[in-house]
Amino acid sequence: MPEQPADELEELRSLGQTLRTDPVVWETPPPDLWSRIAAEAFPPADERDAPADDSARVVSLESRRRPRMLWMVGAAAALLIAVAARVVMTRSSDDGTVLASTELERLGDTGQGSATIVDRNGSLQLRLDATDVEPTDGFTEVWLINAGVTELISLGPIRSDGTYDLPAGLDPAAFPIVDVSFEPLDGNPQHSGDSVLRGQFTF
Amino acid sequence: MQREAVERDEADGAVGVRWVAGDPDALRLAYERFGALVFTFCARSLADRDAAADCAQETFVSAWKSRDNFDPTRGNLGAWLLGIARYRVMDAYRRSARTPVPGGDLPGLDAASASEPAREDQLSDRLLVAHALEHLQPRVRKVVELAFYSDLTHAEISARTGIPLGTVKSDLRRGLERLRSELAGSQRGRAGSDRTATESNEKGRQDA
């Protein structure tokens, strides 16, 4: 092979290898794509300032950066979550150590919540506070997913106490995504693809 | 290293920094810079322009809502966006692949979909490399492309282009560093473990 830093040339070639045989042809996005994104990402002001019950729709990480919005959204969400949370918290007041927590992003039409991974004397638990996640058909299932979204671990149907034991020996950092889905009662153990809430832990 | 990468690439860096700061313009800037990248990824994966537009829309919106999760020290914004797009593509696959379970052969259940993640990884890397290439300085791009598409040595590239040997070497190094940083945070940037893991049946894992 070539002279001196041959490995650099080789690395470059390995990066470019697939382009050699199969050059990339860019697709042009439809002209309205940006306006669609902007409309969804930046709802009109009146919608943002809507009454509390409505503003629960926009619970997201975004609200952290907007104190006023956070306050309104937070008030709505907190009320809803507080009830569920209290059940969980009082039930296990020897709570253990919180390793990570996340707000859940709404992917479907309903639902909101948050999730926490707790270390309780060496055994790990997921605590899920989720509301408005009852499907019209089928059932609601809770999952942990790896960052590459290629591996899933089912934690089973949603539980009213919100507490899920993680499989012993599981590294929660390897499955940092928590997902809540609607599943039909069809005996198919796979994820339906119909996720309603999702969040990602940072450990 | 990543810090340097962010500084070296002013345009990407500026978008990344503003993104982290929650500047509303950052979403538009990110779309201008990475819109075609994300849309092309979705279109190639889903082979349907309408589904691809939905996928790209969901990607940018959910990326924006989750922008706190983007860490510019751990990867490039384009790679991060493609990671999210990949997520959306997988969701679309799952929705469409949800057909009745074929009799008995459990390990084979995912035979078709198991190959998808690896294919998405390759596509993602290929698009990121092509995207990065287009944003290199013209001279650097020229020598990197020669290195890509030929088997020329440094000296031969120098002779072919009339660019001094030392400059060829430093340009290639810069190009390589740029491409590496562009892939940081992508599937390729991670240890290869994700790829082999995709072979496993998703649900079968819970038994392990």
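How each quantity is defined
- Residues numbered from 1 in each chain as written.
- Chains lettered and ligands numbered in written order.
- Predicted model: local features only at pLDDT ≥ 70, side-chain atom pairs only at ≥ 80, totals over all residues.
- Pairing = 2+ DSSP bridges.
- Helix = DSSP H or I, 4+ residues; strand = E, 2+ residues; numbered from the N terminus.
- Axes fitted to C-alpha atoms, helices over the stretch in contact; angles between N-to-C directions.
- Parallel < 35°, antiparallel > 145°, perpendicular 65-115°, else oblique.
- Contact = placed C-beta atoms within 7 Å.
- Nonpolar A, V, L, I, M, F, W, Y, C, P; charged D, E, K, R; others polar.
- pLDDT = per-residue confidence, 0-100.
- Expected span 1.5 Å × (residues − 1).
- Buried ≥ 20, exposed ≤ 12 C-beta atoms within 10 Å, placed from the backbone.

All right, on to the pairing of strand E6 (residues 152–157) of chain A then. Residues and elements named next belong to chain A. The pairing of strand E5 (residues 139–145) with E6 spans five bridges and is antiparallel. Paired with Val142 across the strands is Gly156, a residue of E6. Between the end of E5 and the start of E6, which pair antiparallel, lie six residues, with Val149 showing a positive phi angle near 55 degrees.

Another point: the sheet that holds strand E7 (residues 163–165) of chain A. Residues and elements named next belong to chain A. Strand order in the open sheet made by the four strands is E1-E3-E4-E7, with antiparallel pairing throughout. Pairing within the sheet leaves two strands with one partner each, and these edge strands are strand E1 (97–103) and E7. Looking at each pair of strands side by side, their axes are set apart by 20 degrees on average, direction ignored. Of the strand pairs in this sheet, strand E4 (residues 123–131) and E7 are connected by three bridges, and their pairing is antiparallel. Residue Arg127 lies in a different strand from E7, and its bridge partner there is Thr163.

Next up on the list: the packing of helix H7 (residues 138–149) of chain B against helix H9 (residues 165–183) of chain B. Residues and elements named next belong to chain B. Running from amino to carboxyl end, H7 crosses H9 at an angle of 85 degrees, the nearest separation of the two axes being 9 Å. By the angle between their axes, H7 is roughly perpendicular relative to H9. Facing H7, whose interface residues are Arg139, Val140, Val143, Val144 and Ala147, H9 presents Val168, Asp171, Leu172, Arg174 and Gly175. Looking at the contact of H7 with H9 residue by residue, the classes come out as six nonpolar, one polar and three charged.

Contacts between chain A and chain B engage 47 residues on the former and 57 residues on the latter. Of all the elements in the fold, those that place two or more residues in the side of chain A that touches chain B are helix H1 (6–21), helix H2 (33–41), E6 and strand E9 (195–200) of chain A. When residues in the side of chain A that touches chain B are grouped by element, the largest group, 10 residues, is from H1(A). When its residues are assigned to classes, the side of chain A that touches chain B shows 20 nonpolar, 14 polar and 13 charged.

Bringing the environment of Ala79(B) into the picture now. On the secondary structure map, Ala79(B) appears in helix H5 (residues 77–96). Separated by 102 residues in sequence, Ala79(B) and Ser181(B) place their C-alpha atoms 9.5 Å apart.

Residue and element names in this part refer to chain B. The predicted model of chain B averages 75 in pLDDT, with 72% of residues at 70 or higher. Averaged pLDDT values for the elements of chain B fall to 33 in helix H10 (residues 193–197) and rise to 93 in helix H4 (residues 49–65). The model gives residues 1–9 a pLDDT under 50, and that stretch makes 11 contacts with residues more than four places away or in other chains. Of the two predicted TM-score estimates for the complex, the pTM is 0.53 and the ipTM is 0.73.

Here the focus is H4(B). In a regular helix each residue adds 1.5 Å, so 17 residues correspond to 24 Å; H4(B) covers 24 Å between its end C-alpha atoms and thus fits that length. Most of H4(B) sits out of view: 12 of its 17 residues are buried. What H4(B) keeps buried is the set Ala52(B), Ala53(B), Cys55(B), Ala56(B), Gln57(B), Glu58(B), Thr59(B), Phe60(B), Val61(B), Ser62(B), Ala63(B) and Trp64(B). The inward-facing, buried residues of H4(B) abut H2 and strand E2 (105–106) of chain A together with helix H3 (24–46) and H5 of chain B.

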